[in-house]
Amino acid sequence: MDTETKAEMLDLGPVCREVAGLLDGVTDEHLTGPTPCPGYAVRDVLAHLVGLTTAFRDAAKKELGPTTDSSPDGGLPVLPADWREALPRQLDEMAAAWRSPDAWQGHTRVGGVDLPGSVTGLVGLNEVQIHGWDLARSTDQPYAPDEASLQASYALLAPPPEPADAGSASSNLFGPPVEVPEDAPLLDRVIGRSGRRPDWKPGE
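Quick caveat, the model's predicted, so the values are computed rather than measured.

As for the overall build of the protein
A count of helical and extended segments in the protein gives eight helices and two strands. If you list the helices and strands of the protein from N to C, you get α-α-α-α-α-β-β-α-α-α. Here the protein holds 204 residues, and 47% of them are scored as buried. Carbon together with sulfur atoms contributes 53% to the accessible area of the protein, which is approximately 10,000 Å² in total.

This is the structure in structure tokens:
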């Protein structure tokens, strides 16, 4: 493994554990509640996490097929009945898969899109991190991702230069950025770049 590959690799374990730690705080009453994702209830965010952890795990292993070919725009996902057991396991499996140097090399596919492994790993980290915040905020739980994961998302979500490079890893993956003061906490600035208001609360 060369020096460049070492620099590109990140451990997804800390953010996956942070999100897994939220699950016991999600009650059945929360499932129909609103989230910062327009049109998504808490159950839909959880279902999206179930699907994306499977997809990014398989993308890391280069096991391409239905889980990596399905577009995330195919409608609201269905939350499986065993999500409380499945999601913590899949978060662990996703983090473990991206600890392999091979995952970050070459190309793979996720959401039906072919990408370099180094980009796919960062996108997967960002997906878990941002939707973890959605879940935490929707269920009134504390959320404190690690510094390295936040820095990775902040860089990934940076507005692209003009004209935008069609293959850029910096393209905004969620929505138009929300302006947040430069001296705000890093988590708030990441959330703003993802198109969300850091001060969002259920019912607003």
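Some thoughts on the nonpolar core
Counting 51 residues, the largest nonpolar core has L12, L46, W83, W98, V128, L135 and Y143 as its most contacted members. Contributing elements (two or more residues each) for this core: helix 2 (13–20), helix 3 (42–60), helix 5 (83–97), helix 6 (117–138), helix 7 (147–156) and helix 8 (186–193). No other element matches helix 3, which puts eleven residues into this core. Setting aside residues up to four positions removed in sequence, Y143 forms contacts with V15, E18, V19, L22, V128, Q129, G132, W133, A136 and L187.

What to know about the pairing of strand 2 (residues 113–116)
As defined by bridge partners, strand 1 (residues 107–110) adjoins strand 2 across four bridges and the pair is classed as antiparallel. Within strand 2, the residue paired with H107 across the bridge is P116. Between the end of strand 1 and the start of strand 2, which pair antiparallel, lie two residues, with G111 showing a positive phi angle near 60°.

Conventions adopted
- Residues numbered from 1 in each chain as written.
- Predicted model: local features only at pLDDT ≥ 70, side-chain atom pairs only at ≥ 80, totals over all residues.
- Heavy atoms only, no water.
- Helix = DSSP H or I, 4+ residues; strand = E, 2+ residues; numbered from the N terminus.
- Buried < 20%, exposed > 50% of the residue type's maximum accessible area, 1.4 Å probe, protein only.
- Areas by Shrake-Rupley, 256 points an atom, 1.4 Å probe, with all protein chains shown as cover.
- Core = buried A, V, L, I, M, F, W, Y, C linked by side-chain atoms within 4.5 Å.
- Contact = heavy atoms within 4.5 Å.
- Pairing = 2+ DSSP bridges.

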